[in-house]
Amino acid sequence: MQLPAPRGPLTERLFAELARPPHAFGPPPAGPYGDRHGDRHGDLHGDPCFGEEDAQLALFVCYELHYQGFDGVDDRWEWNPSLLALRERLETWFERWLARRVPRPPAPRSQEVPRALAALVAADDGPSLSAYLRGRADTAQFREFVVHRSIYQLKEADPHTWGIPRLLGRPKAALVEIQSDEYGGGRPERMHAELFRATMRGLGLDDSYGAYLGLVPGVTLAISNVMSLFGLHRRRRGALLGHLAAFEMTSSLPSRRYSQGLRRLGGDAGARRYFDEHVQADAVHEQIAAHDMCGAFAAEHPGLTGDILYGAACALTLDRLFAEHLLGRWREGRTSLRETDAEVTVR
């Protein structure tokens, strides 16, 4: 994967540093930014140098150094102290960004966690992106949806796998069971990331890892960033499990609709297999995630039940923001991707 084009002074500075061998560098300079929701403070909730698109991309790039990295970027940057100091500032910004958008649910008693997760999912009233893609989307819109999803789906399960060494006993076994299915049960061609590549090829898209990073907006990057935030910090392990539970509990029915929409648009069985696989697998995974994983973890760590619910709420809220972005742009007759010359490679 190549570093994408910068989106502001922060990523301009970061990418220039990453192009060089690992070295010490100072903090980025301050700059005036306003929140995209309209309030202008000159300083964006504690950090004047972080604009939303700029910061989401910078944080994604910092995290990606722990996954596959970038062509031309030295692997030693992964643990460079200056890079980690910048990432810490970005994470502080991102945690505030989340706090403004995601109300923290009340912490349930440990034995009530599975029921509380189900209630949280049931109360979600965001717009149905899957219903639109099933019945109304055209091929160009479905291709855009898949481009957005590729940013996470081509490394599907990896952020949640960080949780495995941080658990013991029943919750650990439950997470391993879920992840084993995500990784194809040891068969590379059945890995969910590989199945998604087949979907991309079926739609005439570039299936190489990170090919469309430069085209997706900040809300798409935030979906991946929140998983890495929770996965890379042991203190966030409760939120990581709650996030995965919400992810699994809201996947089966939308996957059925995505498959139906792709069939309507002429997608063959190979292109639809990724979604068809999730109809059955995630119907099982949601029970394992809510009861055997989150329920058992809550019993062992009753003080972290609020974190479990907050992680789930973050997953649901970001999915709602994502759906609102795509459907809002499409209603206006616009692309949901960043409007650059590269857009023609998708549409």
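See above for the structure.
Residues numbered from 1 in each chain as written. Predicted model: local features only at pLDDT ≥ 70, side-chain atom pairs only at ≥ 80, totals over all residues. Heavy atoms only, no water.

### Brief notes about the overall build of the protein chain
If you tally the helices and strands in the protein chain, you get 14 helices and 0 strands. Since a compact globule built from 347 residues should have a radius of gyration of about 20 Å, the 20 Å found for the protein chain is in line with a globular shape. Among the 347 residues that make up the protein chain, the fraction classed as buried is 56%. Counting contacts in the protein chain only where the partners sit at least 6 residues apart, residues at least 24 apart contribute 78% of the total. Of the roughly 14,600 Å² of accessible surface on the protein chain, 51% is carried by carbon and sulfur atoms. A gap of 3 Å separates the mean positions of the 42 positive and 46 negative side-chain charges of the protein chain. (Helix = DSSP H or I, 4+ residues; strand = E, 2+ residues; numbered from the N terminus. Rg over C-alpha atoms; globule rule 2.2 N^0.38 Å. Buried < 20%, exposed > 50% of the residue type's maximum accessible area, 1.4 Å probe, protein only. Contact = heavy atoms within 4.5 Å. Areas by Shrake-Rupley, 256 points an atom, 1.4 Å probe, with all protein chains shown as cover. Lys, Arg positive; Asp, Glu negative; His and termini not counted. Charge placed at Lys NZ, Arg CZ, Asp CG, Glu CD.)

### Some remarks on the pattern of salt bridges
One pass over the structure, following the stated rule, counts 20 salt bridges. The salt bridge involving Arg 334 is made with Glu 332; its shortest N-O contact spans 3.0 Å. A relative accessible area of 34% places Arg 334 in the partly exposed class. Between Glu 339 and Arg 334 there is a salt bridge; the shortest N-O distance is 2.8 Å. When salt bridges that share partners are traced, they join Arg 329, Glu 332, Arg 334 and Glu 339 into one network. (Salt bridge = Lys/Arg side-chain N within 4 Å of Asp/Glu carboxyl O.)

### Concerning the packing of aromatic side chains
Under the defined criterion, the tally for this structure stands at 13 aromatic pairs. Plain terms: the ring middles of Tyr 67 and Trp 162 are 6.0 Å apart, the flat faces sit at 65° to each other, and that makes the pair edge-to-face. Of the two residues, Tyr 67 sits in the loop between α2 (52–64) and α3 (81–101) while Trp 162 sits in the loop between α7 (158–161) and α8 (169–182), which places them 95 residues apart along the sequence. The exposure class assigned to Tyr 67 is buried, which follows from its relative accessible area of 13%. On the basis of an interplanar angle of 80° and a centroid distance of 5.0 Å, the ring pair of Phe 196 and Tyr 274 is categorised as edge-to-face. Of this pair, Phe 196 sits in helix α9 (residues 192–202) while Tyr 274 sits in helix α13 (residues 269–300), and the two are 78 residues apart along the sequence. Exposure class is identical for Phe 196 and Tyr 274. Each is buried. A connected cluster of aromatic rings, assembled from ring pairs, spans Phe 142, Phe 145, Phe 196, Tyr 258, Tyr 274 and Phe 275. (Phe/Tyr/Trp six-rings, centres within 6.5 Å; stacked < 30°, edge-to-face > 60°.)

### Things to note about the nonpolar core
Judged by nonpolar contacts, the single largest core of 76 residues is most densely connected at Leu 14, Leu 90, Phe 94, Leu 98, Leu 129, Phe 142 and Phe 145. It is helix α14 (residues 305–331) that contributes the most residues to this core, 10 residues altogether. The residues contacting Phe 94, other than those within four sequence positions of it, are Gln 56, Leu 59, Ala 222, Asn 225, Val 226 and Leu 229. Counting 26 residues, the second-largest nonpolar core is a separate cluster that includes Ile 164, Leu 244, Ala 245 and Met 249. (Core = buried A, V, L, I, M, F, W, Y, C linked by side-chain atoms within 4.5 Å.)

### Description of helix α6 (residues 139–153)
Here α6 is 15 residues long and its end C-alpha atoms lie 20 Å apart, about the 21 Å a rise of 1.5 Å per residue gives. Most of α6 is tucked away: 14 of the 15 residues are buried. Sitting at the head of α6, Asp 138 places a side-chain oxygen 3.2 Å from the backbone nitrogen of Ala 140. (Expected span 1.5 Å × (residues − 1). Polar contact = N/O pair within 3.5 Å; in protein donor to acceptor, adjacent residues only side chain to side chain.)

### Regarding the environment of Leu 86
In this structure, Leu 86 sits in helix α3. Its relative accessible area of 5% is what places Leu 86 among the buried residues. Linking Leu 86 and Gly 26, residues 60 residues apart in sequence, is a C-alpha distance of 8.9 Å. With sequence-adjacent residues up to four places away left out, Leu 86 is seen in contact with Leu 10, Leu 14, Phe 25, Pro 28 and Phe 50.

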